[in-house]
Every structure is written in C-alpha cells, then in structure tokens.
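Fold and contact review
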Amino acid sequence: MINKPSFFIPLIPQNTSMKKLTFVLIFLLISLQSTGSEKPDWGSTGHRVVGKIAESHLSKKAKNKIDKLLKGQGLAFASTFGDEIKSDPAYDKFYTWHFVNFPFDSKYEESKKDPKGDIVAGINYCIKVLKDEGSSEKDKVFYLKFLIHLVGDLHQPLHVGRAEDKGGNDIKVKWHYKNSNLHRVWDSEMINSWGMSYSELAENAKPLSKAQVQAIEKGNLIDWTYESQALAKMVYASAEMDEKLSYRYSYEHFEQVRTQLQKSGIRLAKILNEIFG
Ligand code: ADE
Ligand code: ZN
Ligand code: ZN
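The sections below set out a description of the structure shown in this document. (Residues numbered from 1 in each chain as written. Chains lettered and ligands numbered in written order. Predicted model: local features only at pLDDT ≥ 70, side-chain atom pairs only at ≥ 80, totals over all residues. Heavy atoms only, no water.)

Quick notes on the coordination of the zinc ion (ligand 3)
Every protein donor of the zinc ion (ligand 3) is accounted for by Asp 41 (OD), Asp 41 (OD), His 98 (ND1), His 149 (NE2) and Asp 153 (OD), and the metal-donor separations fall at 1.9 to 2.6 Å. Each donor residue of the zinc ion (ligand 3) lies on one chain, and together they are spaced D-x56-H-x50-H-x3-D. Remark: His 98 occurs in the loop between helix H5 (81-84) and helix H6 (119-131) and Asp 41 occurs in the loop between helix H1 (16-35) and helix H2 (44-55); sequence separation between them is 57 residues. The pair formed by Asp 41 and His 98 is uniform in burial state, with each residue classed as buried. (Donors = N, O, S within 2.8 Å, 3.2 Å for Na, K, Ca; no water. Helix = DSSP H or I, 4+ residues; strand = E, 2+ residues; numbered from the N terminus. Buried < 20%, exposed > 50% of the residue type's maximum accessible area, 1.4 Å probe, protein only.)

Here you go:
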C-alpha cells in the first residue's frame, strides 16, 4: 500500500513505530531547547578567562612547573576540566565540590558540612595534594586542573548561594525571551550574550595598579567565600521568579561578572605561586 503523505509534518516516516520514535525525539529536542541542558558552572568562557588572567600573574618558577604538569597546555585550556568530567559517572563523587551552601546569617566554619565535600574543602584538598611531594604525577595533574576550575567557581556568587533554590538554579527567569534561570544567567548567559571571546575578555580586563592587585590577593579562601556570599545576596535581590531579563540586566551586572573573573584569576595565581613558586 502506498503511504498517505503526513499532512502536518511531511518528513515524519509513516511506519507506526518510526512515527513514535520520531515524536519522542522531537519532544526531547523541544524540551532540551526550552529548559536548556544543565551546565552548572561559569561556562567555558568564564573559566577560560580566569585561567588566562591567572597565567599573566604567575611567577616564572610556578609557570615552569605548571607547564611541565600540563604539558604546555595552558590554564585556560585546563580550566574547563572540572565540568568535562561531570558527564562521567566515575566522577559523581566530586559533584558537591563545585559549590557550598550555608545560611546567609551563619559562619562557614560553624555550619553543617556536606559529608561529600564542598568547594572550600575541595580547593583545600587540591592544594594539599599539590603540596605533597609524595603525590603521584597523575594525581598532581588531576588536582591541578580541578583547582584551576574550582577557584573560578568560588567567584561565581551563586556557587555560594542558598541550598533551598540550588544556588538560583530553581529561580526560573527568561533571558532574552528564552527559558533560563538566575544561576545560569550568572554562569554563562551574560558572558555569552556579551559576544567576546575568552581571550578578548581577559585582554580587556581592567588595568590594575600593583597596590590594587595586592588588595585583591589579600585574605584567604574563607574570606573570598564570604565575599561571594555577600554578592549572592545582591544577586538574589536583583531578579524575581519568572522575570524577563535582557540588556538592562547586563548593563547593571556585567561589570560585577568581569570583576569576579579578574579577582578569581589573580587569586588563583596567588594560590599557584604559593604552591609552586
Ligand atoms: N549547582 C548545583 N547545585 C547547586 C547548589 N546547591 N548551589 C550552588 N550551585 C549549585
Ligand atoms: Zn554554576
Ligand atoms: Zn564547576
């Protein structure tokens, strides 16, 4: 029998099981398009900016040692490793290392810790492995790449956000008329909409005096965690559930994104100079 042409979707095969499969595939494509696949970090551009900026603040000695471990790969290239391994279930145990949630009116030190670890414990663990002369080369490479990634994450304010909304992932908003969420707006939407490459963003970072760099380097991991958390409060106040965000939001907040990326790069270099310098 000759198949009748499908009226609404002429390209759909006429065989029933093929039809079903095609509808399932179309449905999956539409739902991916509308919710966006979950990519819960700065996004590759943001992480690469951090890596590139850090590179320009490394001591010669640290740079040589890092070059050896990364086989000349560069920090921008290595910076996305922490997200790349997320697709492999073997690395599921590191999932909670990308963020920390503790109540805004409490101290990290006194808060209940996630037994699987958090971003502060994760960064400290990476540093410990890298400082330990007994660590294997393979471990050093793994935890160096992870460290480069995590110091970036720590400076995304919503990675120190509230547990209740998963650091803003549950605050659904529109970004230029498309479905998004507040976390993703800060991870990647503003950066991607700006349309500059990671190297352009790094090259165009604000010129800083030595004293300004030193002021950014001041403090420790916990201080920087509180700084991100204070920014997270501002970010939560900046948008409401279902709000339509676009150019105006970038005009008001992209400078803060750039500042966080720059601080993150400078502080990453400080940590690496202390380990390898
Ligand atoms: N990404 C996924 N879950 C998160 C959370 N609870 N806080 C911050 N970032 C997250
Ligand atoms: Zn994120
Ligand atoms: Zn991450």
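Remarks on the packing of H6 against helix H7 (residues 137-154)
Angle between the axes and distance between the axes are the two parameters that describe a pair of packed helices. Two numbers describe how H6 lies on H7: the axes approach to 9 Å, and their chain directions differ by 145 degrees. Pair H6 / H7 crosses with left-handed handedness. Residues Ile 119, Gly 122, Ile 123, Tyr 125, Cys 126, Ile 127, Val 129 and Leu 130 of H6 pack against Asp 139, Lys 140, Tyr 143, Leu 144, Phe 146, Leu 147, Leu 150, Val 151, Asp 153 and Leu 154 of H7. (Axes fitted to C-alpha atoms, helices over the stretch in contact; angles between N-to-C directions. Left-handed = near helix turned anticlockwise from the far one by under 90°. Contact = heavy atoms within 4.5 Å.)

With respect to helix H12 (residues 247-276)
Taking 1.5 Å per residue as the helical rise, H12 with its 30 residues ought to reach 44 Å, and the 42 Å between its terminal C-alpha atoms agrees with that figure. The largest bend in H12 amounts to roughly 50 degrees and is located at His 253. (Expected span 1.5 Å × (residues − 1). Bend = angle between axes of the 7 residues up to and from the residue.)

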